[in-house]
Amino acid sequence: MKKVLNIAFFYAILGLVSGVYYREFTKMRDFAGETQLSVVHTHSFALGMMIMLIVYLFCYTMKIHTLKNFDVFFYFYNIGVLSTIALMVIRGTLQVLEFDLSSGLDSAISGIAGLGHISVTIGLIMFFLLLRKNHNENIRTK
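All values reported here derive from a predicted model rather than from experimental measurement.

Parameters and conventions
- All chains use their own residue numbering, which begins from 1 and follows the written sequence.
- For a predicted model such as this one, the threshold for reporting local features is a pLDDT of at least 70, and the threshold for listing and counting side-chain atom pairs is 80 or more; totals across whole chains, interfaces and linings nevertheless cover every residue.
- The side-chain figures draw on all heavy atoms in the structure; neither hydrogens nor water molecules are used.
- Any Lys or Arg side-chain nitrogen found within 4 Å of a carboxyl oxygen on Asp or Glu counts as a salt bridge.
- Think of it in three bands: with a 1.4 Å probe and only protein chains considered, a residue is buried below 20% of the maximum accessible area for its type, exposed above 50%, and partly exposed in between.
- Working definition: helices are DSSP H or I runs of at least four residues, strands are E runs of at least two. Numbering for both runs from the N terminus.
- Only buried residues count toward a nonpolar core, which is a set of Ala, Val, Leu, Ile, Met, Phe, Trp, Tyr and Cys residues joined through side-chain atoms within 4.5 Å.
- Contacts between residues were defined by any pair of non-hydrogen atoms, one from each residue, lying within 4.5 Å.
- Helix span, as expected, comes to 1.5 Å for every residue beyond the first.
- Stacked, tilted and edge-to-face are the three classes assigned to paired rings of Phe, Tyr and Trp, where Trp is represented by its six-membered ring and a pair needs centres within 6.5 Å; plane angles under 30 degrees give stacked, over 60 edge-to-face, the rest tilted.
- Criterion for a charge above a ring: Lys NZ or Arg CZ within 6 Å of the ring centre, and within 35 degrees of the ring normal.
- Axes here refer to lines fitted to C-alpha atoms; in helices the fit is confined to the stretch in contact. Angles between the N-to-C directions go from 0 to 180 degrees.
- When an angle is under 35 degrees it counts as roughly parallel; over 145 it counts as roughly antiparallel; between 65 and 115 it counts as roughly perpendicular; any other value is oblique.
- Think of it as three bins: nonpolar holds Ala, Val, Leu, Ile, Met, Phe, Trp, Tyr, Cys and Pro, charged holds Asp, Glu, Lys and Arg, and polar takes everything else, Gly as well.
- Known as pLDDT, the predictor's per-residue confidence is scaled from 0 to 100.
- Residues enter a patch when their relative accessible area is above 30% and they make no salt bridge; the linking distance is 9 Å between like charges and 5 Å between nonpolar side chains (Val, Leu, Ile, Met, Phe, Trp, Tyr).
- Shrake-Rupley sampling with a 1.4 Å probe provides the accessible areas, and residues are treated as covered by the protein chains on show and by no other component.

1. Here's the deal with the pattern of salt bridges
For step 1, the next point in the chain: Applying the stated criterion to the full structure yields four salt bridges.
For step 2, the next point in the chain: E24 is the partner of R23 in a salt bridge, and the nearest nitrogen-oxygen pair spans 2.9 Å.
For step 3, the next point in the chain: What makes E24 partly exposed here is its relative accessible area of 33%.
For step 4, the next point in the chain: Residues D106 and R91 are paired through a salt bridge, measuring 2.8 Å at the closest nitrogen-oxygen approach. In this pair, D106 is assigned in helix α4 (residues 104–141) and R91 in helix α3 (residues 70–96), connecting sequence segments 15 residues apart.

2. Observations regarding the nonpolar core
For step 1, the next point in the chain: By size, the foremost hydrophobic cluster in this structure holds 28 residues, and its most contacted members are M52, V55, F70 and F73.
For step 2, the next point in the chain: Of all the secondary structure elements, the ones that give two or more residues to this core are α1 (2–28), α2 (40–62), α3 and α4.
For step 3, the next point in the chain: Per element, the largest residue contribution to this core is eight residues, and it comes from α3.
For step 4, the next point in the chain: What M52 contacts, discounting residues up to four positions off in sequence, is V4, I7, A8, Y11, F73, F74, Y77 and N78.
For step 5, the next point in the chain: Residues L87, L94, L101 and I109 belong to the second largest nonpolar core, which totals five residues.

3. Here's the deal with α3
For step 1, the next point in the chain: With 27 residues, α3 should cover 39 Å at 1.5 Å per step; its first-to-last C-alpha distance of 39 Å lies within 8% of that length.
For step 2, the next point in the chain: Just downstream of α3 lies E98, where phi reads positive at about 55 degrees.

4. Let's talk about the packing of aromatic side chains
For step 1, the next point in the chain: Tallying each qualifying case throughout the model produces 10 aromatic pairs.
For step 2, the next point in the chain: Through successive ring pairs, a cluster of aromatic residues spans F58, F70, F73, F74, Y75, Y77, F127 and F128.
For step 3, the next point in the chain: The side chain of K3 reaches across the aromatic face of F74, ending 4.9 Å from its centre.

5. Things to note about α1
For step 1, the next point in the chain: For α1, which comprises 27 residues, the first-to-last C-alpha distance of 38 Å matches the rise-based estimate of 39 Å (1.5 Å per residue) to within 8%.
For step 2, the next point in the chain: Of the surrounding secondary structure, the elements contacted by the buried residues of α1 are α2 and α3.
For step 3, the next point in the chain: Positive phi shows up at D30, right after α1, with a value of about 50 degrees.

6. As for the packing of α1 against α3
For step 1, the next point in the chain: Packing of α1 against α3 leaves a shortest axis separation of 12 Å and a crossing angle of 5 degrees. In terms of their interaxial angle, α1 and α3 are classed as roughly parallel. On the side of α1, the interface is formed by K3, V4, I7, F10, Y11, L14, Y21, F25 and T26, while α3 contributes F70, D71, F74, Y75, N78, V81, L82, I85, V89, T93 and V96.
For step 2, the next point in the chain: In the contact of α1 with α3, the residues fall into 15 nonpolar, three polar and two charged.

7. Observations regarding the side chain of T93
For step 1, the next point in the chain: If you trace the backbone, T93 turns up in helix α3.
For step 2, the next point in the chain: For T93, a relative accessible area of 15% translates into the label buried.
For step 3, the next point in the chain: Beyond its immediate chain neighbours, meaning those up to four positions away, T93 contacts Y21, F25 and L37.

8. What about the confidence of the model for the chain?
For step 1, the next point in the chain: Mean pLDDT for the chain: 92, with 97% of residues reaching 70 or above.
For step 2, the next point in the chain: Highest mean pLDDT in the chain belongs to α1 (96); lowest belongs to α4 (89).

9. Points about a nonpolar patch on the surface
For step 1, the next point in the chain: A surface patch of nonpolar side chains, about 410 Å² in accessible area, is lined by V72, F76, L115, I118 and I122.
For step 2, the next point in the chain: Take I122: it is sitting in helix α4.

Set out below in structure tokens:
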């Protein structure tokens, strides 16, 4: 359970830092356009901190962290969120630098970000399967 709480705290810090990075980096470069950096902090808070705090509550109340596949869920989900956020930062930074993304780089970033989204999706499915398994085991014991 401690690792879930620690990763939630990590995402909170990441959200705060990414918000400052967005504000200061765009101000420093006199950038007024649209950039992917503007949503990194909300993704860090929502997909990272909030989801992990919800998972922590399920760990605390239902002990889902003791189930066999919890670690698989935990790593799939967090690798997906971290890779998605990292690629948002890369794309946003390149947008602010007004780097030409029309080359194959844009496709590469999109492809890798897509893998991150797939990993998040697998993690979410596994989370619901863990909840379902826990629910079914609780029904059998009553």
